[in-house]
Amino acid sequence: MGGRYEGTKHGSSGRAAAMCLLLPLLVLIVLKTGFLPHFAHFRETRYIKDTDKMVQTVPYFGLDSARWQRQPHESEAVKEYNKQNKILPTSGPKDSSSISSDVGAPISKLTCNFDTPHSDTCTMEGDLRIHGKSATVYVVAASTHRPENSSITIRPYTRKWEQETMSRIREITMRSMPPAFSFIIPPKCTVSHGVPAVVFSTGGCGTNFFHAMSDLIVPLYITSREYNGRVQLLIADYEPKWVAKFRPILAALSMYPVIDFDADTAVRCFPSAHVGLESHNKMLAIDPSLSRNGYTMMGFRDFLRSVFSLQRPWSKPVSRRSSSGRQQKPRLVMVLRRHSRELTNEADAISAMEDLGFEVVAALPEDVRDMGHFAGVVNSCDVMVGVHGAGLTNMVFLPHNGTVVQIVPWGGMKWACWYAFGEPVPAMGLRYVEYEATAEETTLKEKYPRDHPVFADPQSIHRQGKTWATFLNGQNVTLDIDRFKGVMQQVFQSITME
């Protein structure tokens, strides 16, 4: 009995050793001969939510991968979606998704930057497969792959210091795969593009014109302008009204229809991609030293002038007298607000500026909404005047050397107003003038006694987090016409000549 037991034990050990020697050879034969269907019972499949069975996880041998790669995955739903949205494959390299996981693929690169205060960005090139429905970018055969960073997520919007804003932004995941054999088999391409991709979100503060320009359009220009239109834009948190409003600018940056990233069921392959937008850490600003192509805000404004066919590149000094002896009038647009920070005596202010010699164009909120039309109005003017607010963002359409006059409401708002609209002005090739309202010029005096912190200690209101409710949404402005007229007299003198 003892001998039989020992013999059996030794025999089992021998067979185990033989299996260890044969196992690598067996795996190689299986992978190279296409015999994978016979091992289907070993397969375990995991589907990512809403990907229409796009991703397969193989727990051990990577079995059945060749069959998976050969199967077509462009469903009728994908075809119909692309047909309805006129999304067609662009000219480019042939679909490389047929490469099996056991065959060497081109090396891909993935680089992410989390160090800037405004936005996180990831750039990549090589074998890239983007599936919008699952918000996933597959970086196949990534040279930068590490087990600890094989999955990276970012929110592609440019106000990352604002947690509440960023919570509304959809996360996008970059999944890098090692250059060698991978247990995660990427989805097969259904559309191949021969141009780069730029992925960003409109889900933040884009309905506000200031934020639309500062958070989205300027960063999008920095990120995508270098491609001269040969770039595909994919928009997460897709806002149809935002896209419609800025369509002329989007069409100037990309010659292809934008793609609704969240609704896109196609697997799109790109040679390179940029997830997130570059932002240069200031409002309405481009820092040429940080721009790969030396872009400037003056160049950005030239770009806008081209987009909207604006006629005046420069504002030139106006002669106060023509050859006939008649005075020529510099043109001024006054951006008027309603409901908050409204000028209660706007008619008197307009009359005062007309008395000085300005031709005044009064722009109500409904006039400002039509961006294309209002861009032409602003470009025809030499000066823009308005109380602090999003409407002043239209200064981007002024001709070079134009003047911006910002009326700062009461409440210790000088620095914040300057940061939003004063600091960006010089880099735009414009001039900046500020008129700060006094305690006598705010309607807050009708709500609070003069010994209230609103007047005695405005900074305490800021520290309590009540800035918006009190000083921005809570007051209107009644200009001291004589004082205001004195400031505008200086502006008139600076843009006219004898």
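Residues numbered from 1 in each chain as written. Predicted model: local features only at pLDDT ≥ 70, side-chain atom pairs only at ≥ 80, totals over all residues. Heavy atoms only, no water.

**What to know about the nonpolar core**
Here is the rule we go by: The term nonpolar core refers to a set of buried residues drawn from Ala, Val, Leu, Ile, Met, Phe, Trp, Tyr and Cys, joined through side-chain atoms within 4.5 Å. Only protein chains enter the accessibility calculation, which uses a 1.4 Å probe; a residue whose area is less than 20% of its type maximum is buried, one above 50% is exposed, and one in between is partly exposed. Labels follow the DSSP assignment, with helices taken as runs of H or I lasting at least four residues and strands as runs of E lasting at least two, numbered in each case from the N terminus. How far each domain reaches was decided by an automatic or database domain assignment.
Core analysis: the largest hydrophobic core is formed by 61 residues, its most contacted members being Met-213, Ile-249, Phe-300, Met-395 and Phe-397. Of all the elements, helix H5 (residues 209–224) adds the most residues to this core, at ten residues. Per-domain counts for this core show at least three residues from each of domain 1 (109–295) and domain 2 (331–494). The next biggest cluster of nonpolar side chains, apart from the first, holds 24 residues, and it includes Phe-358, Val-385, Leu-479 and Phe-492.

**Overview of the confidence of the model for the protein chain**
Using the following cut-off: Note: pLDDT gives the predictor's confidence per residue, expressed from 0 to 100. Every residue pair with non-hydrogen atoms within 4.5 Å of one another is taken to be in contact.
In the predicted model, the protein chain carries a mean pLDDT of 83, and the fraction of residues at 70 or more is 77%. Confidence drops under pLDDT 50 across residues 1–10; counting only partners more than four residues distant or on other chains, this segment forms zero contacts. Across residues 29–104 the pLDDT falls below 50, and counting only partners more than four positions away or on other chains, this stretch makes 144 contacts in the model.

**Regarding the pairing of strand S6 (residues 172–176)**
Taken residue by residue, a regular strand's side chains alternate between the two faces of the sheet. What counts, and what does not: One bridge is not enough; two strands pair if DSSP finds at least two bridges between them.
Buried residues dominate S6, accounting for five of its five residues. By the alternation rule, side chains of S6 split into Ile-172, Met-174 and Ser-176 and Thr-173 and Arg-175, which are all buried. Pairing of strand S4 (residues 136–140) with S6, which is carried by four bridges, proceeds in the parallel orientation. Within S6, the position partnered with Val-139 by the bridge is Ser-176. Judged from the four bridges that link them, strand S5 (residues 151–154) and S6 form a sheet pairing that is antiparallel.

**So, the sheet that holds strand S18 (residues 431–436)**
As a reminder, the rule being used: Helix axes are fitted only over the stretch in contact, all axes being lines through C-alpha atoms; the angle between N-to-C directions runs from 0 to 180 degrees.
Strand order in the open sheet formed by five strands is S15-S14-S16-S17-S18, with parallel pairing between adjacent strands. The two strands at the open ends of the sheet, each matched to only one other strand, are strand S15 (359–363) and S18. Strand-to-strand, the axes of this sheet are offset by a mean angle of 20°, without reference to chain direction. Sheet topology places strand S16 (residues 383–387) next to strand S17 (residues 403–408); five bridges connect them, and they run parallel. In the strand pairing of S17, Val-383 is matched with Thr-403. The sheet contacts of helix H16 (residues 481–494) involve strand S14 (331–335), S16, S17 and S18, and relative to S18 the element is tilted by about 170°.

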